[in-house]
Amino acid sequence: MRIGVLRETAPGETRVALLPDAVKTLVSQGLEVGVEPGCGAGAGVGDQDFSTAGAQLWPDRSALLATADVIPVVNGMAPDDQEELSAHSVVAGFLRPLDEPEALQTAISRGATLFALELVPRITRAQSMDALSSMATVSGYKAVLLAAVTLPRMFPMLMTAAGTVPPARVLVLGAGVAGLQAIATARRLGAVVEAYDVRAAAGEQVKSLGAKFLEVDLGGIPTEDQGGYAQELTEEALDRGRDLITKAARTADVIITTAQVPGKRAPLLIRRAAVEAMRPGSVIVDLAAPSGGNCELTRPGHDTEHRGVRLLAPLNLPATVPVHASQLYSRNMGNFLQLLFKKGAKKGELNLDMNDPIIQSACIARGGEPVNPRVAAMLQARATVCDRGRAL
Ligand code: NAD
């Protein structure tokens, strides 16, 4: 049984899916681990570190792809890499199945078994595999630092002989994992923080971090699903939130916005008018940029300026903190892989228990077919559109 660790090829990616610590554990369990030379360079880990952990270096990427039974990745694979897979390959990582299902089509048709870590359920047993939370933690932290270095003011209140410097005012939209980390980081830097979320449960967490929770009367409509995620709101409910945000933006120096609804475009929360109400020099960091952004003026992947307000819309903040992002991701991945090997299997052999809720939820394709109903429906819908296009 071979595990293949590849160099990530997405532009700007610096993380690696498994670090030597996790490799060592897998090797001690009788598994063979092959690594592509240079795969850890972005995270400060050399080939020698992998060798010392018991991995073998595989300079031939294609051969590693074709012979590895399990391939942990950070991002989905490029089509050329997917061509090398076979029906015995298992791939696990952030595969974005609900964002870009068609990007997985080659791997699916090669018969590979695909696991999307973003679909691991948020149940207690799966907490150690929750890579989404790990990366959101890194993003929330880094977003505040980016805002702090961009803002032409300081964050803490300072009382000096030359006068008093007031604290920066930070508004955080979306108090999930990234938002809560942003609140904690901004508070540590001395800012005064306010936050807004549609989930009432977020209120207590916001307050426990020393921030003020802004509440809106949404008329008692349900705002979260059974899994604890926010639901897509009506335009009317969204408007109530947008009105509150426009008002709060007037006094905010920084807005960190993180609101997302899984599998949907990010909700638009910050109108152009809210940006224009902010003081010149203010900063917005839109962490929802990968799913379209929370601000009307966001250009995902670009830093822009509107009437003196800086709008940052990074697409991959965890890659700017590669050491700790890889460390957390590798631990999550290592724990997920343990699940694939355990339960009565011979030492080092795969034993996919498709009745295990974690494995079942994360599995998106097997045996040449999508097995996740949402992914299957999305692929089917796109295939129908293509067929119609060809027929016209
Ligand atoms: P996410 O990234 O999907 O969304 C970020 C935040 O945006 C969420 O708090 C969401 O409520 C908020 N949001 C969505 N639409 C909004 C709108 N229109 N206006 C304002 N805010 C809006 O969420 P996440 O950080 O991945 O966490 C989602 C949920 O899962 C949270 O309840 C979180 O506490 C929970 N969670 C549980 C575990 C666990 O192990 N049990 C682990 C991680 C997260």
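Everything here concerns the structure above.
None of the values given here were measured: they were computed from a predicted structure.

Engineer: What is the right way to read helix α6 (residues 131-150) from this model?
Structural biologist: Side chains of residues three or four places apart in an α-helix project in the same direction, reflecting 3.6 residues per turn. Between its first and last C-alpha atoms α6 spans 28 Å; for 20 residues at 1.5 Å apiece the expected length is 28 Å, and the two agree. Within the span of α6, buried status applies to Ala 131, Ser 133, Ser 134, Met 135, Ala 136, Val 138, Ser 139, Gly 140, Lys 142, Ala 143, Val 144 and Ala 147. Buried positions along α6 lie against β5 (90-94), α7 (177-188), β12 (254-257), β13 (283-286) and α11 (322-341).

Engineer: Hey, could you run me through the site of the ligand in this one?
Structural biologist: Near the ligand, the surroundings consist of 24 residues, among which Arg 122, Ser 133, Val 177, Asp 197 and Arg 199 are the closest. One nitrogen or oxygen atom from the side chain of Gln 127 is found 3.2 Å from an oxygen atom belonging to the ligand. Interatomic distance of 3.3 Å between a backbone N/O atom of Gln 260 and an oxygen atom of the ligand. Here the ligand, which alone exposes 830 Å², has 85% of that area covered by the protein. Counted by class, the shell around the ligand contains 13 nonpolar, seven polar and four charged residues.

Engineer: Looking at this model, I keep getting lost on the packing of helix α1 (residues 20-28) against α11. Mind explaining?
Structural biologist: At a minimum axis separation of 9 Å, α1 and α11 run at an interaxial angle of 20 degrees. Taken together, α1 and α11 sit at an angle that is classed as roughly parallel. Seen along the crossing, α1 lies across α11 with a hand that is right-handed. In contact with Asp 21, Ala 22, Thr 25 and Leu 26 of α1, α11 contributes Ser 330, Arg 331, Leu 337, Gln 338 and Phe 341. The class makeup of the residues in the contact of α1 with α11 is four nonpolar, three polar and two charged.

Engineer: I keep staring at the side chain of Gln 82 and nothing clicks. Help me out?
Structural biologist: For Gln 82, the location among the structural elements is in helix α4 (residues 79-83). Accessibility expressed as a relative area gives 1% for Gln 82, which makes it buried. At a separation of 3.4 Å, a polar atom in the side chain of Gln 82 contacts the main-chain amide nitrogen of Thr 106. Within the local environment of Gln 82, its side chain forms a polar contact with the backbone nitrogen of Ala 107, the two atoms lying 2.7 Å apart. Apart from residues lying up to four places away in sequence, Gln 82 is in contact with Met 77, Ala 103, Leu 104, Gln 105, Thr 106, Ala 107 and Arg 110.

Engineer: Could you clarify how one ought to interpret the side chain of Arg 242 in this entry?
Structural biologist: Mapping Arg 242 onto the fold places it in helix α9 (residues 235-249). Residue classification places Arg 242 among the buried residues on the basis of a relative accessible area of 8%. A distance of 2.6 Å separates the side chain of Arg 242 from the side chain of Glu 235, its partner in a polar contact. Ignoring anything within four residues of it in the chain, the contact list for Arg 242 reads Glu 235, Leu 268, Leu 269 and Arg 271.

Engineer: Before we go on, may I ask you to explain the layout of surface pockets in this structure?
Structural biologist: The method is simple in principle: a probe with the dimensions of a water molecule rolls over the atoms, and the space it marks as empty is what remains. The volume enclosed by the second largest pocket comes to roughly 220 Å³. Looking at the second largest pocket, the residues that line it are Leu 19, Pro 20, Asp 21, Ala 22, Thr 25, Leu 26, Gln 327, Ser 330, Arg 331, Gly 334, Asn 335 and Gln 338. If you tally residues by element for the lining of the second largest pocket, the top one is α11, at six residues. Of the residues assigned to the lining of the second largest pocket, the class counts are four nonpolar, six polar and two charged.

Engineer: Even after reading the chapter, I still don't get the packing of α6 against α11, so can you show me in this structure?
Structural biologist: Between two packed helices, the angle of one axis relative to the other and the distance separating the axes together describe the packing. Their axes nearest at 9 Å, the elements α6 and α11 cross at an angle of 170 degrees. Between α6 and α11, the interaxial angle falls into the category roughly antiparallel. Taking contact as the criterion, the partners of Ala 131, Ser 134, Met 135 and Val 138 in α6 are, on α11, Ala 325, Leu 328, Tyr 329 and Asn 332. Taken together, the residues that form the contact of α6 with α11 break down as six nonpolar, two polar and no charged.

Engineer: Even after reading the chapter, I still don't get the pattern of salt bridges, so can you show me in this structure?
Structural biologist: A side chain with one charge can pair with a side chain of the opposite charge if their charged atoms come near. Summed over the entire model, instances satisfying the criterion amount to 22 salt bridges. Here Arg 272 ties to Glu 276 by a salt bridge, and the two come within 3.8 Å at their closest N and O atoms. With Arg 272 and Glu 276 both in helix α10 (residues 272-277) and four residues apart, the pair spans about one turn of that helix. Using a relative accessible area of 38% as the deciding quantity, one classes Arg 272 as partly exposed. When salt bridges that share partners are traced, they join Glu 235, Asp 239, Arg 242, Asp 243 and Arg 271 into one network.

Engineer: Which parts of the structure should I look at to understand the nonpolar core?
Structural biologist: Inside soluble globular proteins, nonpolar side chains tend to come together where they are buried. Ile 3, Leu 18, Phe 115, Tyr 329, Phe 336 and Leu 337 are the most contacted members of the largest nonpolar core, which has 45 residues in total. Elements with a minimum of two residues in this core: β1 (2-5), α1, β2 (32-35), β4 (70-75), β5, α6, α11 and α12 (357-362). Here the element with the most residues in this core is α11; it accounts for eight residues. Not counting chain neighbours up to four residues away, the residues in contact with Phe 115 comprise Val 90, Val 91, Ala 92, Gly 93, Leu 95, Phe 336, Leu 340, Leu 352, Ile 359, Ala 362 and Cys 363. Judged by nonpolar contacts, the second largest core, of 29 residues, contains Leu 180, Ala 182, Ala 186 and Ala 195.

The rules behind these values
Every chain is numbered independently, its residues counted from 1 as its sequence is written. Selection of residues for local features in this predicted model requires a pLDDT of at least 70, selection of side-chain atom pairs for listing and counting requires 80 or more, and totals for whole chains, interfaces and linings are taken over all residues. Side-chain descriptors were evaluated using all non-hydrogen atoms of the structure, hydrogens and water having been removed beforehand. Helix numbering and strand numbering both begin at the N terminus, where a helix is a DSSP run of H or I of at least 4 residues and a strand a DSSP run of E of at least 2. Under the convention used throughout, the expected extent of a helix is 1.5 Å for every residue step, that is, one less than its residue count. With a 1.4 Å probe rolled over the protein chains alone, any residue whose accessible area is under 20% of its type maximum counts as buried; one over 50% counts as exposed, and the rest are partly exposed. We call two residues in contact when some of their heavy atoms are within 4.5 Å. In this text, near means that some heavy atom of the residue lies within 4 Å of the molecule or strand in question. Counting of polar contacts relies on pairs of N or O atoms within 3.5 Å, with two restrictions inside protein: one atom must be capable of donating a hydrogen and the other of accepting it, and residues adjacent in sequence are counted only when both atoms are side-chain atoms. For the area figures, the Shrake-Rupley method with a 1.4 Å probe applies, and any residue is considered shielded solely by the protein chains shown. Any residue that is not Ala, Val, Leu, Ile, Met, Phe, Trp, Tyr, Cys, Pro, Asp, Glu, Lys or Arg is counted as polar, Gly included; the first ten are nonpolar and the last four charged. To obtain each axis, a line is fitted to C-alpha atoms, and for helices this fit is confined to the stretch in contact; angles are then taken between N-to-C directions over 0 to 180 degrees. To sort the angles, those under 35 degrees are grouped as roughly parallel, those over 145 as roughly antiparallel, those from 65 to 115 as roughly perpendicular, and the leftovers as oblique. Left-handed is the label given to a crossing in which the near helix is rotated counterclockwise from the far helix by less than a right angle, and right-handed is the label when the rotation is clockwise. Only protein atoms enter the calculation, which uses a 1 Å grid: trapped sets of points that fit a 1.4 Å probe without letting it out are cavities, open sets showing protein on both sides within 12 Å along at least five of seven lines are pockets, and any residue with an atom within 4 Å of a point is a lining residue. Grid points are joined across faces, edges and corners, and a volume is the space filled by probe spheres set on the points. Here, a salt bridge means any Lys or Arg side-chain nitrogen found within 4 Å of an Asp or Glu carboxyl oxygen. Among buried residues, the Ala, Val, Leu, Ile, Met, Phe, Trp, Tyr and Cys ones that are joined through side-chain atoms within 4.5 Å form a nonpolar core.

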